[in-house]
Amino acid sequence: MNERTEFETGRPVVLRGGTVLPMDGRRVLPRTDVLVSGDRIAAVGPDLDAPEGAAEIDASGGIVMPGMIDTHRHMWQTAMRGYGADWTLTQYFVWFYLEYGKLFRPEDVHAGNTLAAIESLDAGVTTVVDWSHGLRTVEHADAAADALQGVPGRYVLAYGNIQQPPAEWTTAPEFRDFVSRRITGDDLLGFQLAFDVLGDPSFPERPAFEVARDLGVTVTTHAGVWGATGDDGIRLMYENGFMTPGTIYVHAASLSADSYHRIAATGGSISVSTESEQSAGQGYPPTWAIRSHGIPVSLSMDTSVWWSGDLFSAMRATLGADRSREHLEAHAKGDTVTHCALRADQVVDWATRGGARAIGRDDLGTIEPGKKADLVLIKNDASPVSFPLLNPFGHVAFQAQRGDVHTVLVDGRVVKHEHRLVGVDLAAARAQVDRTIEYLRGEMGEEAWEKGMNPDVPTSKVLDNPYTYTDYRSDSTHRL
Ligand SMILES: [Zn+2]
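Residues numbered from 1 in each chain as written. Predicted model: local features only at pLDDT ≥ 70, side-chain atom pairs only at ≥ 80, totals over all residues. Heavy atoms only, no water.

The name given to the protein in an unreviewed UniProt entry is Amidohydrolase family protein, with the source organism recorded as Nonomuraea rosea.

Structural data, given as structure tokens:
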């Protein structure tokens, strides 16, 4: 039986005997079945009766959890995966605003989005908010949407165009035309507006917020990015009545308590991109600060020009950054942290239910009858890291990785099974990305290409060490 007939559309699927994390609290359901019928979860329980002809998937020894949700990723940038590994925001802004961002053609956006979408499915990320701020023309936007609709996942196109003021592109007739042509209620393609509020007292972003209100869509905005957006932007949004429930504040890493109060009071949520904040310099990953404000959190990867698009990394990095800061703050006062405040189950919640809440989808993010069947089975019998399975939340957050993603369902459809993607043309995606790289490299020239990838390293002096008797550093046989 080939993979297409094995999982033909509409065939019920039952995942047998897994450790199920329903994400309705800290419950763990051992040896539990999950039955999927159509696009929904039909039943959850032990030894379920499955309809005749249902596809059976052995989940024993594995973990069944809701599909993960990334609430902020610039998917088009995946076309240049890993290029900016050694960047800060400074290099990123040059790359995006002044150089490569202007070179991307619609087919390059298509290439990046397609690869990012496939990568997400592979990693068990079943929904991604595509923070698509490289849409210089509507042709770019059509290419972005085509790519998202060409890969069988769930996406939210957060439309943005960094090359024009938001008041301009959101009020252009061709933008309205795009929305009426492409945003037609497809359950697998949501829509948001993506732009930043820079703090200009005249609040030039007002028309863009009004367009969002007219369209009935939410806004996602980079807020609290050191050197770019800060408390002034938050205050202007608040004073003008645009801090509405559903607004997603990305990073929110260098904001005052006053801004956090405003976010908490108006029902928004924060998308934390810990790996990004740690390397790029938006500010310290804020989870340790915002828990005292009761603001809902979701997780995101930001961009694969630095990091890979999997939320295992995000969960792990977020736990580490939060605990690291707690210890640091305590040590500065001569105290000792004896109990961690942030638990593994909390980051798993942020990666699933937290994302669903952030994008206003209460039919996603948990495993309950009637919810959409976006599911992940983590199971890898060949891996020594797959057992013993004692603490399932801890296992997901600190032990598992994308190679352990055995099966993925989106909207009831099996898109990955036995560690292999189903119905995805990776070779075609590779050919597209190859063409994009060839074009960009040719346009930039070899020297600029190499220089962009290898920023200067600041000089740092090795300190004189009073405990050194011999100056071994001058000895060519010894190297530090
Ligand atoms: Zn971003």
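From this point, the narrative continues.
(A) Local environment of the coordination of the zinc ion. At 2.1 to 2.6 Å from the zinc ion lie its protein donor atoms, namely His72 (NE2), His74 (NE2), His222 (NE2) and Asp302 (OD). Given 4 donor atoms and angles of 78 to 171° at the metal, the environment of the zinc ion is assigned as irregular. (Donors = N, O, S within 2.8 Å, 3.2 Å for Na, K, Ca; no water. Tetrahedral: all angles 85-135°; square planar, octahedral: opposite > 155°, others 65-115°.)

(B) Broad picture of the UniProt feature "domain: Amidohydrolase-related" (unreviewed entry) in the protein. Mapped onto the present numbering, the UniProt feature "domain: Amidohydrolase-related" (unreviewed entry) falls at residues 63-415. As annotated, residues 63-415 has a helix share of 40% and a strand share of 17%, and its two end C-alpha atoms lie 17 Å apart. (UniProt positions renumbered as here; feature names shortened; annotations may be inferred. Helix = DSSP H or I, 4+ residues; strand = E, 2+ residues; numbered from the N terminus.)

(C) Layout of the packing of aromatic side chains. Applying the stated criterion to the full structure yields 29 aromatic pairs. Between Tyr159 and Phe175 the ring centres are 4.8 Å apart and the planes differ by 80°, which places this aromatic pair in the edge-to-face class. With Tyr159 in strand 8 (residues 154-159) and Phe175 in helix 7 (residues 173-182), the pair connects residues that are 16 residues apart, well separated along the chain. What makes Tyr159 buried here is its relative accessible area of 3%. In this structure Phe175 comes out as buried when scored by relative accessible area, which is 1%. Lying across the ring of Tyr439, Arg105 places its NZ or CZ 3.6 Å from the centre. (Phe/Tyr/Trp six-rings, centres within 6.5 Å; stacked < 30°, edge-to-face > 60°. Buried < 20%, exposed > 50% of the residue type's maximum accessible area, 1.4 Å probe, protein only. Lys NZ or Arg CZ within 6 Å of the ring centre and 35° of its normal.)

(D) Expanded view of the pairing of strand 3 (residues 40-45). As defined by bridge partners, strand 2 (residues 29-37) adjoins strand 3 across 5 bridges and the pair is classed as antiparallel. Note that in strand 3 the partner of Val34 across the bridge is Val44. What sits between the antiparallel neighbours strand 2 and strand 3 is a turn of 2 residues, in which Gly38 has the positive phi angle 65°. (Pairing = 2+ DSSP bridges.)

(E) A look at helix 5 (residues 138-149). Taking 1.5 Å of rise per residue, 12 residues should cover 16 Å, and helix 5 covers 16 Å from first to last C-alpha, within 8% of that figure. The buried count for helix 5 comes to 9 of 12 residues, which makes it a mostly enclosed element. Val138, His140, Ala141, Asp142, Ala143, Ala144, Ala145, Ala147 and Leu148 are the residues of helix 5 that are buried. Next to the buried residues of helix 5 lie helix 4 (106-122), strand 7 (125-132), strand 8, helix 7 and strand 9 (189-194). (Expected span 1.5 Å × (residues − 1). Contact = heavy atoms within 4.5 Å.)

(F) Representation of the nonpolar core within the structure. Membership of the largest hydrophobic core comes to 102 residues, with the highest contact counts inside it found for Trp95, Tyr159 and Leu193. Residue contacts for Trp95: discarding those within four places in its chain leaves Trp76, Gln77, Met80, Tyr83, Trp87, Tyr100, Gly101 and Val305. In terms of nonpolar packing, the next biggest core, distinct from the first, is built from 19 residues, Leu29, Ile41, Leu377 and Leu409 among them. (Core = buried A, V, L, I, M, F, W, Y, C linked by side-chain atoms within 4.5 Å.)

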